[in-house]
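Each chain is listed here by its residues.
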Amino acid sequence: WFYLNFVAEEVENPEKNIPLAICISIVTVTVGYVLTNTAYFAAMTAEEVLASPAVAMTFAEQMMGRFSLAVPILVSLSCFGSMNGGIFAVSRMFYVASCEGHLPEIVSMIHIQKHTPLPAVMVLYPLVIIMLFSSDLYSLLNFLSFVRWLFVGLSVAGLIYLRYKRPEMPRPFKVPLFIPAFFSFTCMFMVFLSLYSDPVNNGIGVAVTLTGIPAYYIFIVWDKKPRWFNNLMAITTRSLQLILKVVHADAKDE
């Protein structure tokens, strides 16, 4: 239900399918989480839950015996599915940003045969490698959650702004304004709560986010770049096109 919003452009009949998919998936996940936690507390005491380093594994060892080995396998498959959905969705975000002129032109191109945004997918790899240098998983999760919910809240607030600023824009489906307003407020509340509980790591997140401001003005707003820079970007783009076999989406059929 979360990643579907990133690929709304590729969804058939979005007026019907997006709200339906979101509602079904949220209900399914909610019921699954409630039943899972009910099972945990039915089989384990609160002290056992708090003391367990992996509640699902402890629960499986008590209730499933030898079959408890299936739990880490299922967890691994779940992580793999989440990673697959993240790569599928976030790469589309880079692709759209490039189409809007916010990233280098090469990122807005797709593979001539597979019709997938290959350069946008490849952008994710150096980011993942940088994250792997962190040895503190808690700090990494806290840092990424802070930045993630900050931009989710700002994005939803932007939709409220556009509802009043651009009322004529086509909207496949609309919801009452109190829903995005409440959601945006909740996101901002979690952001400030995280900043209060861990100011160091989240302060780094704020600093990294603010580096986007000078980058935006240098690479996007500043349209009088030196000729050598434009020539270098053009040569680089053409070279990467040949290597990756990618073209603009409107040229794939040619």
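Residues numbered from 1 in each chain as written. Predicted model: local features only at pLDDT ≥ 70, side-chain atom pairs only at ≥ 80, totals over all residues. Heavy atoms only, no water.

Draft legend 1. Summary view of the overall build of the protein chain. A count of helical and extended segments in the protein chain gives 10 helices and 2 strands. Along its sequence from the N terminus, the protein chain presents helices and strands in the succession α-α-α-α-β-α-α-α-α-α-α-β. Looking at the protein chain as a whole, 22% of its 254 residues qualify as buried. Residue pairs in contact within the protein chain that sit at least 24 positions apart in sequence constitute 58% of those at least 6 positions apart. (Helix = DSSP H or I, 4+ residues; strand = E, 2+ residues; numbered from the N terminus. Buried < 20%, exposed > 50% of the residue type's maximum accessible area, 1.4 Å probe, protein only. Contact = heavy atoms within 4.5 Å.)

Draft legend 2. Structural detail: the packing of helix 7 (residues 178-197) against helix 8 (residues 199-210). The geometry of helix 7 relative to helix 8 is characterised by a closest axis approach of 6 Å and an angle of 125° between their N-to-C directions. Accordingly, the angle class assigned to the pair helix 7 and helix 8 is oblique. Between helix 7, through Ser 194, Leu 195, Tyr 196 and Ser 197, and helix 8, the contact on the second element is made entirely by Pro 199, Asn 202 and Gly 203. For the contact of helix 7 with helix 8, the residue count by class is 3 nonpolar, 4 polar and no charged. (Axes fitted to C-alpha atoms, helices over the stretch in contact; angles between N-to-C directions. Parallel < 35°, antiparallel > 145°, perpendicular 65-115°, else oblique. Nonpolar A, V, L, I, M, F, W, Y, C, P; charged D, E, K, R; others polar.)

Draft legend 3. Local environment of the packing of helix 6 (residues 137-165) against helix 8. Helix 8 packs onto helix 6 with a crossing angle of 50° between their chain directions and a minimal axis gap of 9 Å. By the angle between their directions, the pair helix 6 and helix 8 is classed as oblique. As helix 6 runs across helix 8, the sense of the crossing is right-handed. Facing helix 6, whose interface residues are Ser 139, Asn 142, Phe 143, Phe 146, Val 147 and Phe 151, helix 8 presents Asn 201, Asn 202, Ile 204, Gly 205, Val 206, Val 208 and Thr 209. (Left-handed = near helix turned anticlockwise from the far one by under 90°.)

Draft legend 4. Looking closely at helix 10 (residues 227-244). Its 18 residues place the ends of helix 10 26 Å apart at the C-alpha level, agreeing with the 26 Å of an ideal helix rising 1.5 Å per residue. Directly after helix 10, the chain includes Lys 245, whose backbone phi takes a positive value near 60°. (Expected span 1.5 Å × (residues − 1).)

Draft legend 5. Structural detail: the nonpolar core. Counting residues in hydrophobic clusters, the biggest one holds 10 residues: Phe 94, Tyr 95, Ile 106, Val 107, Met 109, Ile 110, Ala 120, Leu 124, Leu 244 and Val 246. Every element with two or more residues in this core is listed here: helix 4 (70-99), strand 1 (109-111) and helix 5 (118-132). The contact partners of Val 246, leaving out residues within four places of it in the chain, are Ile 106, Met 109, Ile 110, His 111, Ile 112, Leu 118, Pro 119, Leu 240 and Gln 241. (Core = buried A, V, L, I, M, F, W, Y, C linked by side-chain atoms within 4.5 Å.)

Draft legend 6. Inspection of the packing of aromatic side chains at higher detail. Considering all chains together, one arrives at 5 aromatic pairs under this definition. Ring centres 5.3 Å apart and planes at 65° place the aromatic pair Tyr 40 and Phe 59 in the edge-to-face group. In this pair, Tyr 40 sits in helix 1 (residues 14-43) while Phe 59 sits in helix 3 (residues 55-63), placing the two residues 19 residues apart along the sequence. Summarising the burial analysis for this pair, Tyr 40 and Phe 59 share the class buried. Its end group placed over the ring of Trp 149, Arg 148 keeps NZ or CZ at 5.9 Å from the ring centre. (Phe/Tyr/Trp six-rings, centres within 6.5 Å; stacked < 30°, edge-to-face > 60°. Lys NZ or Arg CZ within 6 Å of the ring centre and 35° of its normal.)

Draft legend 7. Inspection of the side chain of His 111 at higher detail. Here His 111 shows up in strand 1. Here His 111 falls in the buried class, since its relative accessible area comes to 10%. A polar atom in the side chain of His 111 sits 3.1 Å from the backbone nitrogen of Gln 113. The residues contacting His 111, other than those within four sequence positions of it, are Thr 116, Leu 118, Leu 244, Lys 245 and Val 246. (Polar contact = N/O pair within 3.5 Å; in protein donor to acceptor, adjacent residues only side chain to side chain.)

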